[in-house]
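# Observations on the three-dimensional arrangement
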Amino acid sequence: MEPIDRRTALMLGGAGLLSTTVGGVGLWRTYNSLPLDVVSHQAFREPEQLRSRDGLLEVRLEAASGSHVVAGRKVTTLAYNGGLPGPTLRVKPGDTVRILLVNNLDQPTNLHVHGLHVSPEGNGDNVFLRVDPGQSFAYEHILRDDHPPGVYWYHPHLHGSVADQVFGGLYGAIVVEDDVIPEARDRVMVISDISLDSSGRVRAPSSMQMMMGREGDILLVNGQVAPVLQATTGERERWRVVNACTSRYLSLILENQQPELLGLDLGPLASPASEGRFLLAPGNRAEVIVTLQEGRGVLRAEPFDRGGMGNMMGGGLNTSIPQGGEVASIEVSGPAQNRPAADMPPPLEPRDLRGLPVAGTRTLSFEMDMAAGMMSSDGAGMGFTFDGAAFDPKRVDQNVSVGALEEWTIRNDSTLDHPFHLHVWPMQVIAQGGEPETSPQWRDVVNVPARSEVTVRIAFEDFAGTTVYHCHILDHEDRGMMGTVRVT
Ligand code: C2O
Ligand code: CU
Ligand code: CU
């Protein structure tokens, strides 16, 4: 082990950061493969923002591998339009969004709009499509006038290569705006993780990492390591935080500031919660309001235990987090604003499906199975399925009638947590681990802890078509932990 030199210490973020990460072997074990010239604590920046006009947003998104600056260093990653993340798309309920996906990768891909309540058919949010290298495809999404506001995101969804392509850099945010909250500043934070080798290329995971779900050595916010936000005392900010990590859960706290959780995945919450901590499973998003107090605040990811492979595979995850968990920090200074932030509007009433008659109930079960893995196409490791059946795009797993209100119980008897995600139709969480929810909680990704279960209600309204549900640990999804639902 080399002693840490001063330059490295500075590059890693200076004494403040080191003092929070040194104190065990964690730093060196975590940073074995971290390129030493990663630059942290630069001024926070956001990707380019593309806004709809007169009800229409037309975007050309080119997926390509190339040389990009990530964490202050020239590296080779995948990217949309050369940016990590790709551009933020800002739209309104009722808008039409046309995305021309241009595939300049050396492999097939496609594009999914995660969380949007839009048609899964044709050139809509159709994950069964495949766009070959050199080809392009014109997607069109029509948002209903009552589409829930919130922060959503886009990423590739070609079964078998989703984890590699997202981990490699293909993701971006979608904001469905409302004009309900008078706030000073609206910021989008896309959190991702990545591992780079010494030549600056994305490092391939081991087969064990794929089974657990790969986690990167570097934690990024909008492609930066621990960026610094500048803000004014007394200002109100709205942060839209996306967990775009392939497998990493983010248990987030905002130190020295008082965040109010406005919504998770899609708004609104029954009432904003002054929660100290919020958990984002892969794919989840949070909207947070912060009224800033003078001083420094740190947005920090704390260790989260998402289980292990059980005894036979030996041990769980390394729970240390890159950069001591520092996601971003904020420096708040200046005279308190004369203009007090406008009062928050009264919270909107979220819809509540409890108490309504249910047309059908189903139980789905996440399964990890050694035997199924032995027979899998790569002949190794563990099988990842729902109900013992690996994903088959030609098989219909759930037949549902348009308009039906169903209650689904998602079971997990395995030793790992799995985040359950359904496309197109949001889910109201009814109970977690047998505990009923006391207020309406809407999600499009809901974590199902190891050896536990979650019950949700889904109103299969507005659209017909076939789509998927899956584990949002994308390595699990690629290995078969996905099923189809046909709504007719
Ligand atoms: Cu974020 Cu099916 O995916
Ligand atoms: Cu999705
Ligand atoms: Cu999983």
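Coordinates for the structure precede this section.
Summarised in this report is the structure supplied together with it. (Residues numbered from 1 in each chain as written. Chains lettered and ligands numbered in written order. Predicted model: local features only at pLDDT ≥ 70, side-chain atom pairs only at ≥ 80, totals over all residues. Heavy atoms only, no water.)

## A short note on the packing of aromatic side chains
Basically, it comes down to this: When the centres of two rings from Phe, Tyr and Trp lie within 6.5 Å, Trp using its six-membered ring, the rings pair. Their planes under 30 degrees apart give stacked, over 60 give edge-to-face, and anything left gives tilted. In this description a helix means any DSSP run of H or I spanning at least four residues, a strand means any run of E spanning at least two, and both kinds are numbered starting from the N terminus. Remark: exposure states derive from per-residue accessible area (1.4 Å probe, protein chains only) relative to the maximum for the residue type, with buried under 20%, exposed over 50%, and partly exposed in between.
Under the definition given, this model contains eleven aromatic pairs. Aromatic side chains Trp408 and Phe460 sit 5.8 Å apart centroid to centroid with 40° between the ring planes, which places their arrangement in the tilted category. With a gap of 52 residues between them, Trp408 in strand β23 (residues 405–412) and Phe460 in the loop between β28 (452–459) and β29 (465–471) connect regions that are remote in the sequence. You'll find Trp408 and Phe460 in the same group, each marked buried. Measuring from ring centre to ring centre gives 5.9 Å for Trp408 and Tyr469, while their planes differ by 85°; the resulting arrangement is edge-to-face. Placement of Trp408 in strand β23 and of Tyr469 in strand β29 is noted, with a sequence separation of 61 residues between them. Note on accessibility: Trp408 and Tyr469 belong to one class, buried.

## Considerations on the coordination of the copper ion (ligand 2)
Note the threshold: For Na, K and Ca the donor cut-off is 3.2 Å; for every other metal, N, O and S atoms count as donors within 2.8 Å. Water does not enter the count, which can leave sites looking incomplete.
Taken together, His112 (NE2) and His421 (NE2) make up the protein donors of the copper ion (ligand 2), found 1.9 Å from the metal. Here His112, found in strand β6 (residues 112–114), pairs with His421, found in strand β24 (residues 418–422); they are 309 residues apart in sequence, far enough to count as distant.

## Points about the coordination of the copper ion (ligand 3)
For the copper ion (ligand 3), the full set of protein donor atoms is His418 (ND1), Cys471 (SG) and His476 (ND1), at a range of 2.0 to 2.2 Å. In the primary structure, the donors to the copper ion (ligand 3) are separated according to the pattern H-x52-C-x4-H. Of this pair, His418 sits in strand β24 while Cys471 sits in strand β29, placing them 53 residues apart in sequence. Accessibility assignment for this pair places His418 and Cys471 in one class, buried.

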